[in-house]
Amino acid sequence: MQTEWAKPTRIPHLPNGGLHLWRIDLAVEGSRRLIGEVERLLNSEERARAAQIRVLAAREEFIVGRGLLRRLIGHATSTDPGSLVFEPGPNGKPQLQGLAGIDFNVSHSRGLVLIAISRAGAVGVDVEFIDSGFAASGELLEMARDSFYSEEFRKIECMATDRERLLQFYRAWTRKEAVAKADGRGIALAVDYISFPAEGLGESKVSLGGGESGQSLDYFVQTPDVGPNHLATVATLRSGQPMSFFDAAALVG
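The rules we used
Residues numbered from 1 in each chain as written. Predicted model: local features only at pLDDT ≥ 70, side-chain atom pairs only at ≥ 80, totals over all residues. Heavy atoms only, no water. Helix = DSSP H or I, 4+ residues; strand = E, 2+ residues; numbered from the N terminus. Contact = heavy atoms within 4.5 Å. Areas by Shrake-Rupley, 256 points an atom, 1.4 Å probe, with all protein chains shown as cover. Salt bridge = Lys/Arg side-chain N within 4 Å of Asp/Glu carboxyl O. Buried < 20%, exposed > 50% of the residue type's maximum accessible area, 1.4 Å probe, protein only. Polar contact = N/O pair within 3.5 Å; in protein donor to acceptor, adjacent residues only side chain to side chain. Pairing = 2+ DSSP bridges. Axes fitted to C-alpha atoms, helices over the stretch in contact; angles between N-to-C directions. Parallel < 35°, antiparallel > 145°, perpendicular 65-115°, else oblique. Left-handed = near helix turned anticlockwise from the far one by under 90°. Nonpolar A, V, L, I, M, F, W, Y, C, P; charged D, E, K, R; others polar. Arc of directions from axis to C-beta. Core = buried A, V, L, I, M, F, W, Y, C linked by side-chain atoms within 4.5 Å.

Trainee: Looking at this model, I keep getting lost on the overall build of the protein. Mind explaining?
Mentor: A tally of helices and strands in the protein yields six helices and 11 strands. Pairs at least 24 residues apart make up 59% of the contacts formed inside the protein by residues separated by at least 6 positions. As presented, the protein carries roughly 12,200 Å² of accessible surface, and 50% of it is formed by carbon and sulfur atoms.

Structure representation (structure tokens):
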């Protein structure tokens, strides 16, 4: 989907029913300045975790992802960002201790970080770097066969070119990951994808089976344009969920 990314200098208000998706491209100087600015918001456990990440790029992604998440949630809830406590929910998905009505998710890959903040129920986001070298390898089809159900695998296998096959693979991969992260129960559950247009934008419905009730739960996924080198998917519980897109490059100070 075509996406326009606003570049606010201050964090906008997140209304009830609203969903904000933030993009941090660490190749952009403004975004890199955020690393040092938000690192001070991390608690001791998060600092220790960051120190254990040996690859500098991955360590920076973690720091800016967790630090800016604290800043965004602190603003949305009028809470000191440094005092926020994250804890595992019923299915292991991180949630905020003592703060209901707000959900969040973070994903990062090769210098790009996405943060989703929601007052519209559960949200999941996944971003992946598009590895062109992966397209021509037999590994792609082997992984697709092992990871997706038969119809989804056939869609990937039947693509006319390596590039189309690669993009179809990442669409399926990020869709499955985003839904799993929104739901919190993991990607081992059976999924059934049904694609349909919604309000002129491409959207897919994912019926996720399993759970204690044995009934399926529907998620709706959108694929915003996050840049030429990555592909991303956002999953929510509402069809046609309005979403605001913000680039964090100017969000300094």
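Trainee: Would you explain the pattern of salt bridges in this entry?
Mentor: Evaluation of the coordinates by the stated rule reveals eight salt bridges. For R32, the salt bridge goes to E60, with nearest N and O atoms at 2.8 Å. Of this pair, R32 sits in helix α1 (residues 29-39) while E60 sits in helix α3 (residues 56-77), and the two are 28 residues apart along the sequence. Residue classification places R32 among the partly exposed residues on the basis of a relative accessible area of 33%. Judged by its relative accessible area of 15%, E60 is buried. A salt bridge links R66 to E46, with the shortest nitrogen-to-oxygen separation between them at 2.6 Å. With R66 in helix α3 and E46 in helix α2 (residues 44-51), this residue pair connects regions lying 20 residues apart in the sequence.

Trainee: How do you make sense of the side chain of R23 when you look at a structure like this?
Mentor: Looking at where R23 falls in the secondary structure, it is placed in strand β1 (residues 19-25). With relative accessibility at 15%, the residue R23 sits in the buried group. Only 2.8 Å separates the side chain of R23 from the side chain of D247, close enough to count as a polar contact. For R23, the contacting residues outside a window of four places in its chain are W5, L112, V113, L114, D225, V226, G227, F246, D247 and A248.

Trainee: I would appreciate a short explanation of the sheet that holds strand β11 (residues 244-247) in the present structure.
Mentor: Here we have four strands laid out as an open sheet, ordered β4-β5-β1-β11, and mixed in their pairing. Two strands in the sheet have a free side with no partner beyond their single neighbour: β4 (103-109) and β11. Between one strand axis and the next, the sheet turns through 15° on average, direction left out of account. Pairing geometry for β1 and strand β5 (residues 112-118), over seven bridges, is antiparallel. Bridge pairing in β5 links H20 to I117.

Trainee: Explain the packing of α2 against α3 here, please?
Mentor: A packed helix pair is summarised by two numbers, namely the angle formed by the two axes and the spacing between the axes. For the pair α2 and α3, interaxial distance at closest approach is 9 Å and the crossing angle is 160°. Considering their axes alone, α2 and α3 lie roughly antiparallel with respect to each other. As α2 runs across α3, the sense of the crossing is right-handed. Judged by residue contacts, E46, R49, A50 and A51 of α2 engage R59, F62, I63, R66 and R70 from α3. Residue classes in the contact of α2 with α3 are distributed as four nonpolar, no polar and five charged.

Trainee: When you look at helix α5 (residues 150-157) in this model, what are you seeing that I'm missing?
Mentor: The periodicity of an α-helix, 3.6 residues per turn, causes residues three or four positions apart to be oriented the same way. All of the buried residues in α5 are E152, F153 and I156. Relative to the axis of α5, the buried residues are bounded by an arc of 100° and lie together on one face.

Trainee: How should I be thinking about the nonpolar core in this particular structure?
Mentor: Burial of nonpolar side chains together is a common tendency in soluble globular proteins. W22, I24, V64, L68, I73, I115 and I117 are the most contacted members of the largest nonpolar core, which has 30 residues in total. Listing elements by their share of this core, those giving two or more residues are β1, α1, α3 and β5. No other element matches α3, which puts eight residues into this core. Excluding residues that lie within four positions of it along the chain, I115 makes contacts with H20, L21, W22, I24, V64, G65, L68, L69, L72, N105 and V106.

Trainee: Mind showing me how you'd approach the side chain of D103 here?
Mentor: Checked against the element boundaries, D103 lands in strand β4. Of the residues examined, D103 reaches a relative accessible area of 14% and is grouped as buried. Reaching out from D103, the side chain makes a polar contact with the backbone nitrogen of V123 at a distance of 2.8 Å. Sequence-distant contacts of D103, defined by excluding residues within four places in its chain, comprise K93, A116, I117, S118, G121, A122 and V123.

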